[in-house]
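Structure assessment
Listed below, chain by chain, are the residues.
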Amino acid sequence: MSDLQLGGMTLNLLFEMRVPGDCVMSPDGKRAAFVVWEHIPGEQKRRGRIWLVDIASGDARPFIHGKNSEYGPCWSPDSKQLAFITTADGDKEKPQIHLISVEAGEARQLCKMPNGVSNLSWSPDGFRLAFLSLEGEEPKTDPKVITSRRHRRLWMVRLEHHIPEPIIPTGFSVWEYTWSPDSTTLALYYAPGPDETDWYRGQIGVVAADGGAIRQITHLTWQARALAWSPDSKQIAYVSGRWSDPGRGSGDIFTVSLVDGQTRNLTPGIASNPTWCCWLPDGVHLLYTACKDVTHQIGMLDSRDGTITLLDKDFVMQWDQPSLSTAQDVQRFVAIHSTSTTPPDFWCGELVGEQSIQWRKISRLNPIIEETVSAIATERIHYESVDGWRIDGLFLPPLMREDGKLPPLYVDVHGGPSGAECDYWDSSSQIMAAQGFAIFRPNMRGSWGHGTAFADAVLGDMGGKDFQDILNGVEYLVQQGNVDGERVGIGGWSNGGFLTAWAVTQTNRFKAAMMGAGISDWFNMHAQTNIADADILLLGTTPLEHPEVYHKHSPITYASRVVTPTLILHGEDDPAVPVAQAYAFYRALRERNVPIELVVYPREGHGVGERDHFRDVMERLLGWLKRYL
């Protein structure tokens, strides 16, 4: 396929698009450091560069000029230095901590860890940097021995000493941590087990900054993230819920007291899904972000009585995990913002009184796209589904229509199921709309945006009412006269891939399908995945206790019904949904003579990251839909 047009835009131009990454406000609120990911000609993957922006002038520029990706910027408390992660001597080296003065000087490596580092955090007193690092030797691949993975251990390094020191004993994996304001203690979300799936059984604990035993302070049955110390170091706030994917989450805001161990839910019954929070200096109020319907909100929460003041009801931040990076006084902060017609950039917000936020754009990463692309605005829709529940979604009409014809519809189902479609810039949808397709992105139950009850409604009902929510959305668009009801396709990745496989086994409504990294057989999923706790959570049981449940919810059980032409795309090295899921569904449909094609991408995991692979995904999907719709 030749270049794909989006107004004046080609797919090649999309590959030249700069993508924003980490965004960190300096403690004094005068600067921000952020990471810009961009393709380098001749390379398959994007490379990260740290930029600096002066908040007052809005002057944004690349700051460090190394040969490898730079990421994870972390400000010193005096706002004079940046710590960051990069490799010193080529991509074969492990990533290490580097320091640089923001005024002048060369970057220098602070210490060296044999397995590299991640998750930097500067102590508030400025004397130490904490980080995570894998334990033990990298396992050999010949022969491949299946055993427990390596723990993610918490370390620190004193700036004047340069020798790494362990903070916690061996035998624990830390997923997230944060310093207390007085620099004496760290709070962490951790698990005894080393595997990815152990994240589902984590707890919150505290440990002395000089090292020692972890003291568990919670008895969680759900997962937690976004830990935040109160200014007096006596409470920890966090977000907790039941989530399908390690490291991602949205739920209620809780606090736990280090004085008496009392845990409180500050947001019971909230109609949105908070994702991040931080304390204000008064020690009473928390600033938080949340998913709401198909947008994001920023609010102020009173920890005494749960009173909420919304500061911004409609400001879309990054993907479905909105968050802010604040100055020390929490009066100024930075975030990534986009709309359906403008690509993402970095924005600075300031609190105006106690009721609102004043926003200002502080970068312009993609001026060519802004000025040459005829981007199409999404329409925010909602409709009634089973049980009378309100379902939200996004509808993107095509750029142009065939004369006198309604456009074909592609239903793009998001992953998770924990997650949400939000009204941000979506390059893939814009490409497809430019090719004449209407796009529907539903937030079926299981999604974030309507509180924890809505998000939890999918548990034990995978492929049930969530699937009905999708079908009702299609019928709504057909009845509104927006699309051709005889030309409807469906696709998605991960949970979207599962629901696609499920859809073609349950109905003939769809004339074409794309199953991306999807689950077809829950039995083998449990046996092979690196997150076996996920299917136990989603199905509400184990395959040994109730095998009939795994059988009932597996698309392959009903594969004999399929007539829909199905394209299957999968990464060969996918640890979460192993590629055997794709081979099994492919074999079942091929033996029924269903039009079927399986494409497996070498070196790719749960999705595709290489430039040529992404191009192939887009061109192959468009070709499939044009052929059958």
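Residues numbered from 1 in each chain as written. Predicted model: local features only at pLDDT ≥ 70, side-chain atom pairs only at ≥ 80, totals over all residues. Heavy atoms only, no water.

Any two side chains of opposite charge can pair, given that their charged atoms come close. Using the criterion set out here, one finds 39 salt bridges in the structure. With a closest N to O distance of 3.6 Å, R49 and E70 form a salt bridge. Residue R49 is located in strand β3 (residues 47-54), and its partner E70 is located in the loop between β4 (60-62) and β5 (71-75); the two are separated by 21 residues in the primary sequence. Take R49: its relative accessible area is 13%, and that puts it in the buried class. The closest approach of N and O atoms between D320 and R248, which form a salt bridge, is 2.5 Å. Highlighted residues: D320 in the loop between β24 (308-312) and β25 (325-326) and R248 in the loop between β18 (235-241) and β19 (252-257), separated in sequence by 72 residues. (Salt bridge = Lys/Arg side-chain N within 4 Å of Asp/Glu carboxyl O. Helix = DSSP H or I, 4+ residues; strand = E, 2+ residues; numbered from the N terminus. Buried < 20%, exposed > 50% of the residue type's maximum accessible area, 1.4 Å probe, protein only.)

Below, the discussion takes up the packing of helix α5 (residues 465-479) against helix α6 (residues 495-506). In contact at an axis separation of 11 Å, α5 and α6 are set at 75° when each is read in the N-to-C sense. As far as their axial angle goes, α6 and α5 are roughly perpendicular. On the side of α5, the interface is formed by D466, F467 and I470, while α6 contributes L499, W502, A503 and Q506. The residue inventory of the contact of α5 with α6, partitioned by class, reads five nonpolar, one polar and one charged. (Axes fitted to C-alpha atoms, helices over the stretch in contact; angles between N-to-C directions. Parallel < 35°, antiparallel > 145°, perpendicular 65-115°, else oblique. Contact = heavy atoms within 4.5 Å. Nonpolar A, V, L, I, M, F, W, Y, C, P; charged D, E, K, R; others polar.)

Reading across from one edge, β29-β30-β32-β31-β33-β34-β35-β36 is the order of the eight strands in this open sheet, with mixed pairing throughout. Only two strands of the sheet have a single neighbouring strand rather than two, namely β29 (379-384) and β36 (596-601). Pairs of neighbouring strands in the sheet enclose a mean axial angle of 20°, with direction left out of account. Pairing between β29 and strand β30 (residues 390-396): six bridges, direction antiparallel. Paired with E384 across the two strands is R390, which belongs to β30. Relative to β29, α5 is tilted by about 115°, and along the sheet it contacts β29, β30, β31 (409-413), β32 (438-443) and β33 (488-493). Each of β31, β33, β34 (512-516), β35 (566-571) and β36 is contacted by helix α11 (residues 611-628), which is oriented at about 175° to β36, the strand it contacts most. (Pairing = 2+ DSSP bridges.)

So, to be careful, I would describe these as geometric facts and stop short of saying anything about function.
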